Amino acid sequence: MNKPFAIVTGASSGIGLELAAICAQEGFDLLVAADRPEIESAAERFRHVGADVTVVEADLATTEGVDQLWATAAGRPVDALLANAGHGQGHGFLDQDFDDARHVVDTNITGTIYLVQLVGRAMRSRGKGRILLTGSIAGFMPGTYQAVYNGTKAFVDSFSFALRAELKDTGVTVTCLMPGATETDFFERADMSDTKVGQDAKDDPADVARLGFDAMMRGDGDVVSGWKNKLQSAIANVTPAGVLAEQHRKMAEPGSGSAQKAKR
Ligand SMILES: NC(=O)c1ccc[n+]([C@@H]2O[C@H](COP(=O)([O-])OP(=O)(O)OC[C@H]3O[C@@H](n4cnc5c(N)ncnc54)[C@H](OP(=O)(O)O)[C@@H]3O)[C@@H](O)[C@H]2O)c1
């Protein structure tokens, strides 16, 4: 109980798994959550480096799932909240199943801000805490063939800066990790394996997580992973939205990748 305590969502794979592993290495006890049973095997990895780990399997798109996670913390003071769970969905918006699209919104936005509110209030009362939100450079550009997802990340990027400003001088810091395309289960889960962005070389999730963790510990406002992504986001800031939307089409349109790679 003397160790610092972190909550990491989406810790079963990709960036969240690496964030939780770094927290464990850096001496945090952990409460980790994901929706599927793979979170149990991930937890073993974190225990291996000496963390006390509690696991919650819940759909964080729902307020019930977030309530279950928060109840499991059982009042233990949270030193760091790494709100990372999220997913995307490829294909044209009119061709998507509405429930699937809503699940993207409810996971990336509704569940995330509900958890941040619950944990953030407790942190503000203590006058201490660190919040890391996984946004994305996708939030800087209209996401043709990923329209809902990019919109949710624009929300997260914006929300993070606003909350940071609101919590100035409270002892609670808010940091936004903005990765570019990263080698995780994300693109397969979003049914984007046949797209250019799904097949191109991507960043290593361990490197991305390290950048995010260090930025959170310093209390920085944001961190964009990698120089190419930094350049891309700087250019996006001065490029008309219509041009960005057409650029996004080229990388996310179904079939924009190579057919051979898609079959693998
Ligand atoms: N990969 C990229 O290129 C990229 C770029 C920028 C930002 N991001 C962001 O990075 C974050 C992590 O994604 P990733 O790339 O690491 O993908 P990933 O490997 O698919 O990991 C996503 C994690 O989030 C969890 N999750 C998703 N929906 C959930 C829900 N409703 N309830 C509970 N857990 C849920 C997943 O657990 P289950 O499998 O159990 O659902 C998994 O642990 C996301 O917020 C994503 O938007 C990714």
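On a predicted model such as this, the values are computed, not experimentally measured, just so you know.

Colleague: Could you clarify how one ought to interpret the pattern of salt bridges in this entry?
Modeller: Oppositely charged side chains may form a pair once their charged atoms are brought near each other. Overall, the coordinates contain 11 salt bridges when judged by the stated rule. K196 is the partner of D200 in a salt bridge, and the nearest nitrogen-oxygen pair spans 2.7 Å. D200 gets classed as partly exposed once you look at its relative accessible area, which sits at 34%. One salt bridge connects D220 with R218, and the closest N-O pair in it is separated by 2.8 Å. The exposure class of D220 is partly exposed, given its relative accessible area of 25%.

Colleague: Before we go on, may I ask you to explain the sheet that holds strand β3 (residues 53-57) in this structure?
Modeller: In a beta sheet, neighbouring strands pair by backbone hydrogen bonds and run either parallel or antiparallel. Pairing within the open sheet is parallel, and its seven strands lie in the order β3-β2-β1-β4-β5-β6-β7. Pairing within the sheet leaves two strands with one partner each, and these edge strands are β3 and β7 (222-224). Strand-to-strand twist of the sheet, defined as the mean angle between neighbouring strand axes without regard to direction, takes the value 15°. As paired strands, strand β5 (residues 129-134) and strand β6 (residues 172-178) are joined by six bridges and run parallel to one another. What sits directly across from L132, in β6, is T175. Sheet contacts for helix α5 (residues 147-166): β5, β6 and β7; angle to β6, the most-contacted strand, approximately 155°.

Colleague: Whenever I open this one, helix α2 (residues 38-48) confuses me. Can you help?
Modeller: An α-helix turns once per 3.6 residues; consequently, residues spaced three or four apart project the same way. Three or more residues of α2 are buried, namely I39, A42, A43 and F46. The buried residues of α2 occupy an angular sector of 105° when the element is viewed end-on, so they sit on one face. Along α2, exposed side chains directed more than 90 degrees from the buried face belong to S41 and H48. On its buried face, α2 is in contact with α1 (14-25), β2 (29-34) and β3. G50 occupies a position one or two residues after α2 and carries a positive phi of about 100°.

Colleague: For this particular structure, what's the right way to read unusual backbone geometry?
Modeller: With the exception of glycine, the majority of residues adopt a negative phi angle, and the majority of peptide bonds are in the trans configuration. Phi at H91 takes a positive value of approximately 80°, unusual for a residue other than glycine. Structurally, H91 can be placed in the loop between β4 (80-83) and α4 (98-126). Even without being a glycine, D169 presents a positive backbone phi close to 70°. The exposed category is assigned to D169, whose relative accessible area is 77%.

Colleague: I would appreciate a short explanation of the environment of A6 in the present structure.
Modeller: Inspection of the secondary structure puts A6 in strand β1 (residues 5-9). On the basis of relative accessible area, A6 is assigned to the buried category, the value being 0%. Sequence separation of A6 and D203 is 197 residues, and the distance between their C-alpha atoms is 25 Å. When neighbours within four sequence positions are excluded, A6 is seen to be in contact with C23, F28, D29, L30, L31, A80 and L82.

Colleague: What's the story with the packing of α4 against α5 in this structure? I'm lost.
Modeller: Each packed pair of helices is defined by two parameters, the angle between the axes and the distance between the axes. Interaxial distance between α4 and α5 falls to 9 Å at its minimum, and their mutual angle equals 10°. Put simply, α4 runs roughly parallel to α5. With respect to the hand of their crossing, α4 and α5 are arranged in right-handed fashion. Every residue of α5 that contacts α4 at A101, V104, V105, N108, I109, I113 and V116 is listed here: V148, Y149, T152, K153, F155, V156, F159 and L163. Of the residues in the contact of α4 with α5, the class split is 12 nonpolar, two polar and one charged.

Colleague: I'm lost on the site of the ligand in this one. Help?
Modeller: Inspection of the region around the ligand gives 33 residues, with S12, S13, R36, Y149 and T184 positioned closest. Between a nitrogen atom of the ligand and a main-chain N or O atom of L60, the distance comes to 2.8 Å. Between the ligand and K153 there is a distance of 2.9 Å, counted from an oxygen atom to a side-chain nitrogen or oxygen. Out of a free accessible area of 880 Å², the ligand has 98% covered by protein chains. Sorting the residues of the shell around the ligand by element identifies α1, α4, α5 and α6 (186-189) as the ones contributing at least two each. Top contributing element to the shell around the ligand by residue count: α6, with three residues. Tallied by class, the residues present in the shell around the ligand amount to 12 nonpolar, 15 polar and six charged.

Colleague: Please explain α5 as it appears in this structure.
Modeller: Spanning 20 residues, α5 covers 29 Å between terminal C-alpha atoms, matching the ideal 28 Å at 1.5 Å per step. For α5, the full list of buried residues reads V148, Y149, N150, T152, K153, V156, D157, S160 and L163. Tucked inside the fold, the buried residues of α5 contact α4, β5, β6, α6 and α10 (241-252).

Cut-offs applied
- Residues numbered from 1 in each chain as written.
- Predicted model: local features only at pLDDT ≥ 70, side-chain atom pairs only at ≥ 80, totals over all residues.
- Heavy atoms only, no water.
- Salt bridge = Lys/Arg side-chain N within 4 Å of Asp/Glu carboxyl O.
- Buried < 20%, exposed > 50% of the residue type's maximum accessible area, 1.4 Å probe, protein only.
- Pairing = 2+ DSSP bridges.
- Helix = DSSP H or I, 4+ residues; strand = E, 2+ residues; numbered from the N terminus.
- Axes fitted to C-alpha atoms, helices over the stretch in contact; angles between N-to-C directions.
- Contact = heavy atoms within 4.5 Å.
- Arc of directions from axis to C-beta.
- Parallel < 35°, antiparallel > 145°, perpendicular 65-115°, else oblique.
- Left-handed = near helix turned anticlockwise from the far one by under 90°.
- Nonpolar A, V, L, I, M, F, W, Y, C, P; charged D, E, K, R; others polar.
- Near = heavy atom within 4 Å.
- Polar contact = N/O pair within 3.5 Å; in protein donor to acceptor, adjacent residues only side chain to side chain.
- Areas by Shrake-Rupley, 256 points an atom, 1.4 Å probe, with all protein chains shown as cover.
- Expected span 1.5 Å × (residues − 1).

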